[in-house]
Number of protein chains: 2
Amino acid sequence: MSKLLVVGSVAIDSIKTPFGKRERSLGGSATHFSVSASFFTEVGVVAVVGGDFTSEDEAVFHQRKIDTSGLERVKDGKTFFWAGEYSFDLNTAHTLDTQLNVFGDFKPSLSPEAANAPFLFLGNIQPTLQREVRAQSKAKFVAMDTMNLWIDIARDELLKTIAEVDALIINDAEARQLAQESNLIKAAKAILKMGPKMLLVKRGEYGAAFFSNDTYFATPAFPVEDVADPTGAGDSFAGGFMGYLAQQEHVDDKAVRRAIIYGSVMASFNVEQFSCDRLRDLTHDDIMHRIHRFSEFTHFDLYPNFPANSKPGQKTAFAQVK
Amino acid sequence: MSKLLVVGSVAIDSIKTPFGKRERSLGGSATHFSVSASFFTEVGVVAVVGGDFTSEDEAVFHQRKIDTSGLERVKDGKTFFWAGEYSFDLNTAHTLDTQLNVFGDFKPSLSPEAANAPFLFLGNIQPTLQREVRAQSKAKFVAMDTMNLWIDIARDELLKTIAEVDALIINDAEARQLAQESNLIKAAKAILKMGPKMLLVKRGEYGAAFFSNDTYFATPAFPVEDVADPTGAGDSFAGGFMGYLAQQEHVDDKAVRRAIIYGSVMASFNVEQFSCDRLRDLTHDDIMHRIHRFSEFTHFDLYPNFPANSKPGQKTAFAQVK
């Protein structure tokens, strides 16, 4: 049985970056999320595909032992299609074409088994659909993503959905837009008042910041020298985060912090090749090598000879204020 | 005798933000830098001011016991003036007016004592001047700042100057522009080939990243909820960084990492009020409180029960790759 269920899009992408081009790239939030999460736990995917979804596409899921029994197939329809282009800085995707196709009529329905998955991720789909899935699920921990489009055109529906989840995972522009507040700390406080217990803010190459009523955590990103395609970075981040939590089964502050580091590492792999090409063939050692490097490049000791119990005000190697 | 010398601008700023306005704000790179650094070590300032520089302005330096014997006074001239406005996101300053005034003829000359300061910071001034100061100094550790203007109009001079310093401290847009490379990791490698042993990249609200041939370190910023005026954030960051290193006297990887954290904390105070108003009255406890919070909000353990000797490949709480 899946420990982690994801509802979202499976897409065929056409992607152009300054460093390459791929006409037909398997993508979508549920794809990047589930492949990433599959390294940590048993994952099931709920999405819809058309007749153009090939056995080669499906093999990506099967190779990672992802449960595709929730993958609805519309033989006479076409899979959700997105064409995008990234400019030189790779930060912003310019959408060239979006064809909803079978995704336009997507009405996700959870099987009894899927409804029992203890962890649920609501990928970036229409907020009303997200809420319908939430209502069907018995998950004990639910996280969701969203995007600027829904904040713009479906704000009320979105707010209802946000109020019903444990964690909101969005990027920093979305957080500012949602809270209508440019300062991220203030925006986060406003968003936590909307209902979720946790807010995880994705900052792309700058890392991530986590907010709850009890804690704040921030981390830089894993440094990536060769970014081939940023598509799916946020979903693979969320996949690593949720996958790790589902594996640990309980969600506390320490597990959340580790989960963010795992998510960051998975995102760093995701962007190194098109689609899920880099993620698919990762080994345990590949992942753990970056996890250990993460620990090294973020580590600092407060004092030359770190006294474990030093407290503010104590005399230390720090200069006395003159 | 000063352990740390800074050469740069002392300015009168006129600043407007969405949250306030100050017609006459004491500013300039040397001002923010020296006030910040003064909490860690003995600082001397080399700069030029006009007849409009008041005893109240000077008291800011004296209060912090900053050596102003290198402050050249041109009684019949006017102090460097900058007027700027920040838009809602506070990230970008829009220059409304720049009057070089006495700064236009600034020819910094170091006294024998100033030349002996073991640490030197070359604030953002014309790169040829920076190099002339470098040549006069016997400092064992020299860092410098620069800006997009000099990268644009004085690239060759700038490259000569960069080749002669130990550390370059610039923001990420400048790093990308200098290296003509959008990927920051690649840009950093290219910049290290220009001569400096260290590159410290300021990322504003996202923190900082440090590069040398041996090490990489990255940190998020200290979260600031109420930003009154971002002016001088980078210089107060550099001041905390250099001030801490000058106090420790030796520059190694561990000291550099701590210095970056101290610099980040000083910058977080700097932006909370106009000019150096917030920095001026800090106490040891104020600073150490944020230093300890920094340690808390960036901390994570790799494993639920962190085994100190765990290595990649070892069996851990991490999921086996299926």
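Residues numbered from 1 in each chain as written. Chains lettered and ligands numbered in written order. Predicted model: local features only at pLDDT ≥ 70, side-chain atom pairs only at ≥ 80, totals over all residues.

As a further point, take the overall build of chain A. Along chain A, the regular secondary structure elements total 12 helices and 13 strands. The C-alpha atoms of chain A give a radius of gyration of 20 Å, which matches the 20 Å a tight globule of 322 residues would have. Each principal axis of the C-alpha atoms in chain A carries an extent, and together these give about 75 × 40 × 35 Å. Here chain A holds 322 residues, and 52% of them are scored as buried. Pairs at least 24 apart in sequence give 65% of the contacts found in chain A among residues at least 6 apart. (Helix = DSSP H or I, 4+ residues; strand = E, 2+ residues; numbered from the N terminus. Rg over C-alpha atoms; globule rule 2.2 N^0.38 Å. Buried ≥ 20, exposed ≤ 12 C-beta atoms within 10 Å, placed from the backbone. Contact = placed C-beta atoms within 7 Å.)

Glancing now at the packing of helix α10 (residues 253–270) of chain B against helix α12 (residues 284–298) of chain B. All names here are of chain B. It is the contact of α10 with α12, at a shortest axis distance of 10 Å, that shows an interaxial angle of 120 degrees. As far as their axial angle goes, α12 and α10 are oblique. Considering the relative orientation of α10 and α12, their crossing is right-handed. Where α10 approaches α12, its residues Ile261, Tyr262, Ser264, Val265 and Ser268 are matched on the opposing element by Ile287, Arg290, Ile291 and Phe294. (Axes fitted to C-alpha atoms, helices over the stretch in contact; angles between N-to-C directions. Parallel < 35°, antiparallel > 145°, perpendicular 65-115°, else oblique. Left-handed = near helix turned anticlockwise from the far one by under 90°.)

Quick look at the relation of the copies chain A and chain B now. Superposition of the two copies of the chain requires a rotation about an axis and a shift along the axis. Least-squares fitting of chain A to chain B yields an RMSD of 0.0 Å, with the transformation described by 0.0 Å of translation along the axis and a rotation of 180 degrees. Taken together, the turn and the small shift mark the pair as related by a two-fold rotation axis. The residues that chain A uses at the interface reappear at the interface of chain B in 100% of cases, marking a shared surface. (Least-squares fit on C-alpha atoms with pLDDT ≥ 70 in both.)

Moving on to the pairing of strand β12 (residues 208–212) of chain B. All names here are of chain B. Burial analysis of β12 places 4 of its 5 residues in the buried class, the great majority of the element. Bridge count for strand β11 (residues 198–202) against β12 is 5 bridges, and the pairing is antiparallel. Bridge pairing in β12 places Met198 opposite Ser212. Between β11 and β12, which pair antiparallel and follow one another directly, the connecting turn spans 5 residues, one of which, Gly204, has a positive phi of 60 degrees. Across 4 bridges, the pairing between β12 and strand β13 (residues 216–219) is antiparallel. When the bridges of β13 are listed, Ala209 appears paired with Ala218. Hairpin connection from β12 to β13: 3 residues lie between these consecutive antiparallel strands. (Pairing = 2+ DSSP bridges.)

Residues and elements named next belong to chain A. Of note in the backbone geometry, Ser275 takes a positive phi value of approximately 50 degrees without being a glycine. Checked against the element boundaries, Ser275 lands in the loop between α10 (253–270) and α11 (277–280). In this structure Ser275 comes out as buried when scored by C-beta crowding, with 24 C-beta atoms within 10 Å.

Right, let's talk about the packing of helix α4 (residues 127–136) of chain A against helix α6 (residues 155–162) of chain A for a bit. Residue and element names in this part refer to chain A. Where α4 contacts α6, the two axes come as close as 8 Å, and the packing angle between them is 25 degrees. Classified by the angle their axes make, α4 and α6 are roughly parallel. In this structure, α4 meets α6 at a crossing whose hand is left-handed. Contacts from Pro127, Thr128, Gln130 and Arg131 of α4 reach α6 at Glu157, Leu158, Lys160 and Thr161. Here the residues of the contact of α4 with α6 sort into 2 nonpolar, 3 polar and 3 charged. (Nonpolar A, V, L, I, M, F, W, Y, C, P; charged D, E, K, R; others polar.)

Turning our eyes to something else, we now look at the interface of chain A and chain B. Each side of the interface is counted separately: chain A has 47 residues, and chain B has 47 residues. Mapped onto the side of chain A that touches chain B, the elements with two or more residues apiece are α8 (184–192), β13 (216–219), α10 and α12 (284–298) of chain A. Looking at side-chain class alone, the side of chain A that touches chain B contains 22 nonpolar, 14 polar and 11 charged residues.

Strand pairing in a sheet is mediated by backbone hydrogen bonds. Such pairs are either parallel or antiparallel. Residues and elements named next belong to chain B. Judged by pairing direction, the sheet is mixed, and its 9 strands sit side by side in the order β5-β4-β1-β8-β9-β10-β11-β12-β13 without closing on themselves. Of all the strands in the sheet, just β5 (71–74) and β13 have a single pairing partner and so form its edges. Pairs of neighbouring strands in the sheet enclose a mean axial angle of 15 degrees, with direction left out of account. With 4 bridges joining them, strand β1 (residues 4–7) and strand β4 (residues 43–50) adopt parallel strand pairing.

Residue and element names in this part refer to chain A. With 94% of its residues at a pLDDT of 70 or more, chain A has an overall mean of 93. Overall, residues 306–317 carries pLDDT values under 50, and its contacts beyond four positions in sequence, including any with other chains, amount to 13 contacts. Interface confidence for the predicted complex, given as ipTM, is 0.92, next to a pTM of 0.94. (pLDDT = per-residue confidence, 0-100.)

Turning next to the pairing of strand β8 (residues 119–122) of chain A. All names here are of chain A. Burial along β8 is two-sided: Phe119 and Phe121 and Leu120 and Leu122, pointing in opposite directions, are all buried. Two strands pair when backbone bridges link them, and strand β1 (residues 4–7) and β8 are joined in this way by 4 bridges, in the parallel orientation. Across the sheet, Val7 pairs through a bridge with Leu122, a residue of β8. Two elements, β8 and strand β9 (residues 141–144), share 4 bridges in a ladder whose sense is parallel. Bridge pairing in β9 links Phe119 to Phe141. Following the chain from β8 across α4 to the adjacent parallel β9, one finds a crossover that is right-handed. (Right-handed = clockwise from strand over helix to strand, strands pointing away.)

Attention now moves to α8 of chain A. Within an α-helix, residues lying three or four positions from one another point in the same direction, as the helix has 3.6 residues per turn. Residue and element names in this part refer to chain A. Those residues of α8 lying buried are Leu184, Ala187, Ala188 and Ile191. Looking down the long axis of α8, one finds its buried residues gathered within 100 degrees of arc, a one-sided arrangement. In this structure, the buried residues of α8 make contact with β10 (167–171), α7 (172–179), β11 (198–202) and β12 (208–212). (Arc of directions from axis to C-beta.)

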